[in-house]
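What the coordinates show
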Amino acid sequence: MNTFTYVFLAAFTLSYGVQFWLSGRQKQYVLQHREQVPTAFSSRVSLEAHQKAADYTITKSKLHDIDSVVGMVFLLLLTLGGGISLVFDFWSTFELSPLTASLSAVASIFVMMTLVEMPFSLYQTFVVEEKFGFNKNTVPQFLKDQLLSITLTMAIGMPILALILWVMDSIGELWWLYAWGIIISFSLLMSWLFPTVIAPLFNKFTPMEDGPLKERIQELLQRCGFNSQGIFIMDGSRRSGHGNAYFTGFGASKRVVFFDTLLERLNPDEIEAVLAHELGHFRHHHVIKRIALMFFVSFIGLALLGWLMNQDWFYAGLGITQSSNYMALLLFLLVSPVFLFLLRPFMASYSRKNEF
């Protein structure tokens, strides 16, 4: 253990400690106000519905707390517990190139993280959501979604990761600048492909039928100057009773999407209000600003990684005895959320301002 070990443990304790403290305050506040509907909603929301929402919030929060504890333990096992080193040592025993062995090790770790998270996703879906009447999913559909997600992550993410690792090994000290360009290009490409290629793998998107509602929505889109590829209804009811609406895509691929559950529950005035809120983000350029902020943060992060990968104390402080570019990237991805937690109040404030 070195000084950075103690810095990491202090940030780790502060990060999770504040999260659990806030979670406790939230549950306490919800319980205190469970018996009375807020005055602003008393004419629209019944006490029974209000209490159901409160119980749902508390139940989800308790599950999230347990999930966080498991995540804490798993992160410590991977880093200070030597888990990362064990995985990399295992793959080094095979006759593979350093790049292939490292990619296999990284993939193994992320698969393990997915497997650790899966019981909580199952419990959330088939116990919590079922208890409160929201679940429409089936176990075969759930497992199919998980398998498809892992397959897509491997098929799309691993080549990009391989390219970044190659850049780290081959370009020189400014590798992080090239990697940043790769990440930006990939992010923009995925934003363009997601509505028409990725999303339809999971859900069915049906063009909204002609009628008064569609005309009303199109008039709103025209007033806001939002040029979309179309208005679509997503079969969200296949998995959940929750409703939502969003617009997605980039450039000419933009499209407006309504969950079928939302259209079933709301009247035309309410549907237009929901869409108007989302279009408010478009009119105020919140999406572009968020993308720009993400690119800026990734620029700073990669520059920092470019410096950390040459610091022996960074590896030693996190339980790694043999340093490498691959180790540096994986460690950075795993532990940076612990330190970035300190920025969450600022990000939350920015997000709330945009929502208002």
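Everything here concerns the structure above.
All values reported here derive from a predicted model rather than from experimental measurement. Along each chain, the written sequence defines residue order, and numbers are assigned to residues from 1. Totals for whole chains, interfaces and linings use every residue, but because this is a predicted model, local features are given only for residues with pLDDT of at least 70 and side-chain atom pairs only at 80 or more, for both listing and counting. Hydrogens and water molecules were not included; the side-chain quantities draw on all heavy atoms of the structure.

**Some thoughts on the packing of aromatic side chains**
What counts, and what does not: Each aromatic pair joins two rings of Phe, Tyr and Trp (for Trp, the six-membered one) with centres within 6.5 Å, and gets the label stacked for planes under 30 degrees apart, edge-to-face for over 60, and tilted for any other angle. Helix numbers and strand numbers start at the N terminus; a helix is a DSSP run of H or I with at least 4 residues, a strand a run of E with at least 2. Burial status follows relative accessibility: with a 1.4 Å probe on protein chains alone, a residue under 20% of its type maximum counts as buried, one over 50% as exposed, and anything between as partly exposed.
Scanning all chains against the criterion turns up 20 aromatic pairs. The interplanar angle of 65° and the centroid separation of 5.0 Å between the aromatic rings of F226 and F247 together place this pair among those described as edge-to-face. Residue F226 is located in the loop between α7 (212-224) and β2 (231-234), and its partner F247 is located in strand β3 (residues 245-248); the two are separated by 21 residues in the primary sequence. Of the two residues examined, F226 and F247, each falls in the buried class. Measuring from ring centre to ring centre gives 6.4 Å for Y246 and F259, while their planes differ by 80°; the resulting arrangement is edge-to-face. You can see Y246 sitting in strand β3 and its partner F259 sitting in strand β4 (residues 255-259), a full 13 residues away along the chain. By relative accessible area, Y246 is classed as partly exposed at 21%. A relative accessible area of 16% places F259 in the buried class. Members of the aromatic cluster, connected to one another through ring pairs, are F4, W307, W313, F314, Y315 and F339.

**Considerations on α7**
Threshold: To estimate how far a helix should extend, the number of its residues minus one is multiplied by 1.5 Å. This arc is taken over the directions from the axis of the helix to the C-beta atoms. Two residues qualify as a contact provided that any one of their heavy atoms is within 4.5 Å of a heavy atom in the partner residue.
In this model α7 runs 19 Å from its N-terminal to its C-terminal C-alpha over 13 residues, within 8% of the 18 Å that 1.5 Å per residue would give. Of the residues making up α7, those classed as buried are K214, I217, L220, L221 and C224. Looking straight down α7, one finds that the buried residues subtend no more than 125° of arc, so they occupy a single side. Exposed residues on α7 whose side chains face more than 90 degrees from its buried face are P212, Q222 and R223. Of the surrounding secondary structure, the elements contacted by the buried residues of α7 are β2, β4 and α9 (268-283). Backbone geometry just after α7 places G225 at a positive phi near 70°.

**Topic: the packing of helix α5 (residues 139-170) against helix α12 (residues 325-340)**
Put simply, the rule reads: To obtain an axis, a line is fitted to C-alpha atoms, over the contacting stretch when the element is a helix, and the angle between two such axes runs from 0 to 180 degrees between their N-to-C directions. Note on terminology: angles under 35 degrees are roughly parallel, angles over 145 are roughly antiparallel, angles of 65 to 115 are roughly perpendicular, and the others are oblique. When the near helix sits turned anticlockwise from the far one by under a right angle, the crossing is termed left-handed; a clockwise turn instead gives a right-handed crossing.
Two elements in contact, α5 and α12, have axes whose closest approach is 10 Å; the angle formed by their N-to-C orientations is 125°. Viewed along their axes, α5 and α12 adopt a mutual orientation that is oblique. Every pair of crossing elements has a handedness; the one defined by α5 and α12 is right-handed. Of α12, the residues touching α5 (which contributes L161, I164, L165, M168 and D169) are N325, Y326 and L329.

**So, the sheet that holds β4**
Condition: Only strands that DSSP links by at least two bridges are regarded as paired with each other.
Read across the sheet, 4 strands follow the order β1-β2-β4-β3 without closing on themselves; strand pairing throughout is mixed. Single-partner strands in this sheet number two, and they are β1 (205-207) and β3. Here the average twist between neighbouring strands, direction ignored, is 30°. Looking at chain direction, β1 and β2 are connected through 3 bridges and run antiparallel. Among the inter-strand pairings, P207 is bridged to a residue of β2, identified as F232.

**Comments concerning the layout of surface pockets**
Applicable threshold: In this analysis a 1.4 Å probe is tested at points of a 1 Å grid over the protein atoms alone, and where it fits but cannot get out there is a cavity; an open set with protein on both sides within 12 Å along at least five of seven lines is a pocket; lining residues have an atom within 4 Å of a point. Grid points are joined across faces, edges and corners, and a volume is the space filled by probe spheres set on the points. As a working rule, the residues Ala, Val, Leu, Ile, Met, Phe, Trp, Tyr, Cys and Pro are called nonpolar, Asp, Glu, Lys and Arg charged, and the rest polar, with Gly in that last group.
The volume enclosed by the second largest pocket comes to roughly 580 Å³. Top contributing element to the lining of the second largest pocket by residue count: helix α10 (residues 286-308), with 5 residues. Taken together, the residues of the lining of the second largest pocket break down into 8 nonpolar, 7 polar and 5 charged.

**Considering the pattern of salt bridges**
Stated precisely, the cut-off is as follows: Between Lys or Arg on one side and Asp or Glu on the other, a salt bridge is scored when a side-chain nitrogen of the former is within 4 Å of a carboxyl oxygen of the latter.
Taken as a whole, this structure holds 10 salt bridges when the rule is applied. The shortest N-O distance in the salt bridge between E35 and R34 comes to 2.9 Å. With relative accessibility at 52%, the residue E35 sits in the exposed group. A single network of salt bridges, built from pairs that share partners, joins R216, R223, D269 and E272.

**Some remarks on empty space enclosed by the protein**
Taken as a whole and judged by the stated rule, the model has 1 cavity of 30 Å³ or more. In this structure, the largest cavity encloses a volume near 40 Å³. Lining the largest cavity are V106, L161, L165, Y326, L329 and L330. Among the secondary structure elements, those contributing two or more residues to the lining of the largest cavity are α5 and α12. At 3 residues, α12 tops the list of elements feeding residues into the lining of the largest cavity. Classifying every residue of the lining of the largest cavity by side-chain character gives 6 nonpolar, no polar and no charged.

**Brief notes about the nonpolar core**
Inclusion rule: The term nonpolar core refers to a set of buried residues drawn from Ala, Val, Leu, Ile, Met, Phe, Trp, Tyr and Cys, joined through side-chain atoms within 4.5 Å.
Counting residues in each nonpolar core, the largest one holds 46 residues, and the members touching the most others are I84, F88 and W175. The element best represented in this core is α12, accounting for 10 residues. The residues touching W175, leaving out its near neighbours within four places in the chain, are V167, M168, L302, L305, G306 and M309. In this structure, L221, F247, L263 and L275 belong to the second largest nonpolar core, which totals 22 residues.

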